[in-house]
Amino acid sequence: MSRALRQIVMMRATIMTNTFLYYLKRLWLIGKLVPDRVYGNPDFKIVLAVLFTIVGQVVSLTGKVLYVLVMVVLPTWMMKRVHVDAFDYMVQILFFLSCLMGPLQDSVVFQVTKEKFTCIRYMKMDAQKAVKAVLCYRYIPFALYFLIAVVGGSWFLGGSVWNGICLWLVIVMFRAAGEAFQVWYFDRTGIIFSRRYGWVWIVIGLSLVCAYSCWAVDPFVRAAWLFHPICLVLICGMGIVSIWYLVAGYQGYRQKLHRTMEEKWMLSSIMKQSGQESIEKEVGVRERDLKVNTSRMAGIKKLHGYAYFNALFFLRHERQIKRPMYYRLAVVGICFLGGVTLRIFSPEAAYLAGINLPEFLPLLVFIMYMMTVADKACKVMFYNCDKSMLRFGFYRNPKTLLSMFRIRLIQVAKYNMMIGAAICAAVVAFRMVCGIWEFDGNMALFCLAVLVLSVFFTVHHLFLYYVFQPYSEEMNVKNPFFWAFNMVIYAVCFFCYEIQTGGVFFTMGVLAVTTAYIIVALMLVYRFAPKMFRVK
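Residues numbered from 1 in each chain as written. Predicted model: local features only at pLDDT ≥ 70, side-chain atom pairs only at ≥ 80, totals over all residues. Heavy atoms only, no water.

Asks: An account of the environment of G153 is requested, with residue identities and associated values reported.
Replies: Looking at where G153 falls in the secondary structure, it is placed in helix α5 (residues 127-156). Not counting residues up to four positions away in its chain, the partners in contact with G153 are V68, V73 and M90. (Helix = DSSP H or I, 4+ residues; strand = E, 2+ residues; numbered from the N terminus. Contact = heavy atoms within 4.5 Å.)

And the structure:
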C-alpha cells in the first residue's frame, strides 16, 4: 500500500506541476524565459512537486479552519442566547453538517480524480491497494487538520480542549461510517449514493435546516449526551467497525471499483458539462434573436466593414448584453424610489444621507465592479463570434483585431456609462428631493469618478479578454493568470468597499489610478493582443 500511496501522491504533484508549467509558458514576457526542456528537468520538477504538495496541505488546513470559522463560529456568535452554552451550538451545527451531510454527499472511495483515474485505468494499479492509499492520503490530513480547527473553535466558544477532542472524534467516526455505508450500499445495489443527486440534495437541505434550527429554538443535539461515555463508546465502536470494513473487510474493490471509474464523473468533466449548459442559457443565441425588424436594420445599413459587422452583432445579441444592463438600471431606479420613500417617512435621515452621498465613493467602486456588463459582453463575443472567426487568417490580422477592439470598446463603454450616468442622475435627483440643490466641486468629482469607473471596468475586462483570452471552445477558463489578475482587481475593489469614508483626496486618487490603468491597459492591448488573442 505504501508504494501505491507514493505513486498517487507523485501523480497528483506531477499533474499540478505540469499544469503550472504549461500556463507559465503561455504567459507573455515570463513565458518566453521558460524553455521547453523544463518539462524534462527531474530535479526542478521534484522541487516544484514538493512545493505544490506543501501549498496544497496549507490550503487544506486553511480550508478546515475557515469552514469552522464561517459555518460554525460566526453563526454561533451571532445567534447565541444567554441561557444556552455556546458550545452546544457548535455541537449541533457540526453534527448535522460534518457527521451526517458530509459523509453522504461525497465519497472518497468513489470520487473520480485525475490521479486515481490514471492509476487504476491506465497504470492498472491494484484497486484494493489504490483505495487504501487514497483513503490514507485523504483522511489522515483531514483528521489532523479538523482536529486543529475543531479544538480551536471549541476553545473560542467556551468549550474545553477535551470537549473539542470529543467532538472531533465523533466527526471522524461518523465520516468513516458514512464512507462504509456508501461502499455497502454500492455492493448491495450497484448504485453510488452520492451520485443520486435527488437524495443528496434532500440530505443537504434537511441537514442545513436541522443544523441552523438553533436560530429559532435551543439546540437539541447537546454535548452533555453526545459526549456521554456510553454514547462515545457506541460511536467509536461504529467507527472502528467501519474503518475495518473499508480497509480489510470489503474485498470487492478489485471486481467492482473499475465500474465506477468513468471519466464523466471526474469533477472537471462534471463542471464542464454543467458549465456548458449554463453558458448555453447565458450567452447562447435563440432563433428569435436573429430576427431584427426592418427599421432597426435600416439604421445600420449605412455602415461598412467591421463597423457594420459589430453593429449587426450587438443588434442580434441585445438579449444577452442589453437586458443585463436594463436589470441594473432597474436596480438603480428601485434604490432611488427607496430613497424617496426614506425622504417621505424620515426627512432628517434622508437629508443626512443626501449630504454624505459623495463620501460613499469607496462603496461605489465595488458596486461599479459588480454592475459592469463588460465581462458578460466578452463571453458573448467569444462564444457567438470570435471562437469561429478566429479560424480565419484575415480575422487574426493585427489591424483587424485592433479595429474590432476599438469598436467593441466604444460600444461596451456606452452600456457601462449608461449605468454610471443612471447612478449619477439618481444621486443628484435624490439630493434635490432632499432639498440639496448645490452641485459643488465635490459632487462634480463624484460624478466624474463614477463615469471614469464605467470606462475603467470596460477597459479592464476587454484588456483581460484580448491579452489573456482565457476561454476554450467549451467556454472553460483555461488561463489561471486571467483568474488571478481578475481576483486582484476584485480584492482592490473590495478593499475600497471596506474604507469607511471617501472625500476629495480619495476621489482624486480613484481618478488618477483608473486613468493610469486605462492608459497602460490600452498600450498592452495594442502591443500584445495580435499575438495572444486566439482560440485555445
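Asks: Summarise the packing of helix α14 (residues 318-345) against helix α18 (residues 398-433); cite the residues concerned and give the values.
Replies: Two packed helices can be described by the angle between their axes and the distance between those axes. Relative to each other, α14 and α18 sit at 10 degrees, their axes nearing to 10 Å. Our classification of the angle between α14 and α18 gives roughly parallel. Residues I321, K322, M325, R328, L329, V332, F336, G339, V340 and R343 of α14 touch α18, and the partners they reach there are Y415, M418, I419, A422, I423, A426, A429, F430 and V433. (Axes fitted to C-alpha atoms, helices over the stretch in contact; angles between N-to-C directions. Parallel < 35°, antiparallel > 145°, perpendicular 65-115°, else oblique.)

Asks: Can you explain the environment of L464? Please cite residues and give values.
Replies: Summarising the element assignment, L464 is placed in helix α19 (residues 441-468). By relative accessible area, which is 0% here, L464 ends up buried. Note: C-alpha distance between L464 and F482 (18 residues apart in sequence) is 6.6 Å. Aside from chain neighbours lying at most four places away, what touches L464 is Q469, P470, F482, F485 and N486. (Buried < 20%, exposed > 50% of the residue type's maximum accessible area, 1.4 Å probe, protein only.)

Asks: Tell me what's going on with the packing of aromatic side chains, and back it up with residues and numbers.
Replies: Summed over all chains, the structure comprises 30 aromatic pairs. Note on Y465 and Y466: the rings are 5.3 Å apart at their centroids and 80 degrees apart in plane angle, and the pair reads as edge-to-face. The class of Y466 is buried, set by a relative accessible area of 1%. Where Y465 meets F533, the ring centres are 5.1 Å apart and the plane angle is 85 degrees; that geometry is what we call edge-to-face. Residue Y465 is located in helix α19, and its partner F533 is located in the segment after α21 (504-532); the two are separated by 68 residues in the primary sequence. Taking relative accessible area as the criterion, Y465 reaches 1% and is therefore assigned buried. Through a chain of ring-to-ring contacts, the aromatic side chains of Y369, F456, F457, F463, F468, F485 and Y517 assemble into a single cluster. Taking NZ or CZ as reference, K387 lies 4.4 Å from the ring centre of Y383, over its face. (Phe/Tyr/Trp six-rings, centres within 6.5 Å; stacked < 30°, edge-to-face > 60°. Lys NZ or Arg CZ within 6 Å of the ring centre and 35° of its normal.)

Asks: Explain the packing of α14 against helix α17 (residues 374-389) to me, and be specific about the residues and the numbers.
Replies: Following both chains from N to C, one finds α14 and α17 inclined at 175 degrees, their axes separated by 9 Å at the closest point. With respect to their mutual orientation, α14 and α17 come out roughly antiparallel. Where α14 approaches α17, its residues Q320, I321 and P324 are matched on the opposing element by K376, A377, V380 and N384. Split into classes, the residues belonging to the contact of α14 with α17 amount to four nonpolar, two polar and one charged. (Nonpolar A, V, L, I, M, F, W, Y, C, P; charged D, E, K, R; others polar.)

Asks: Any details on the side chain of E179? Residues and values, ideally.
Replies: Relative to the helices and strands, E179 is located in helix α6 (residues 161-189). Although buried, E179 forms no salt bridge, and the nearest oppositely charged side chain, R175, lies 6.0 Å from it. Within the local environment of E179, its side chain forms a polar contact with the side chain of S107, the two groups lying 2.4 Å apart. (Lys, Arg positive; Asp, Glu negative; His and termini not counted. Salt bridge = Lys/Arg side-chain N within 4 Å of Asp/Glu carboxyl O. Polar contact = N/O pair within 3.5 Å; in protein donor to acceptor, adjacent residues only side chain to side chain.)

Asks: Please provide a residue-by-residue account of helix α3 (residues 86-105), values included.
Replies: Here α3 is 20 residues long and its end C-alpha atoms lie 27 Å apart, about the 28 Å a rise of 1.5 Å per residue gives. Along its length, α3 shows its largest kink, about 30 degrees, at L94. Of all 20 residues in α3, 17 are buried; the element is thus mostly enclosed. (Expected span 1.5 Å × (residues − 1). Bend = angle between axes of the 7 residues up to and from the residue.)

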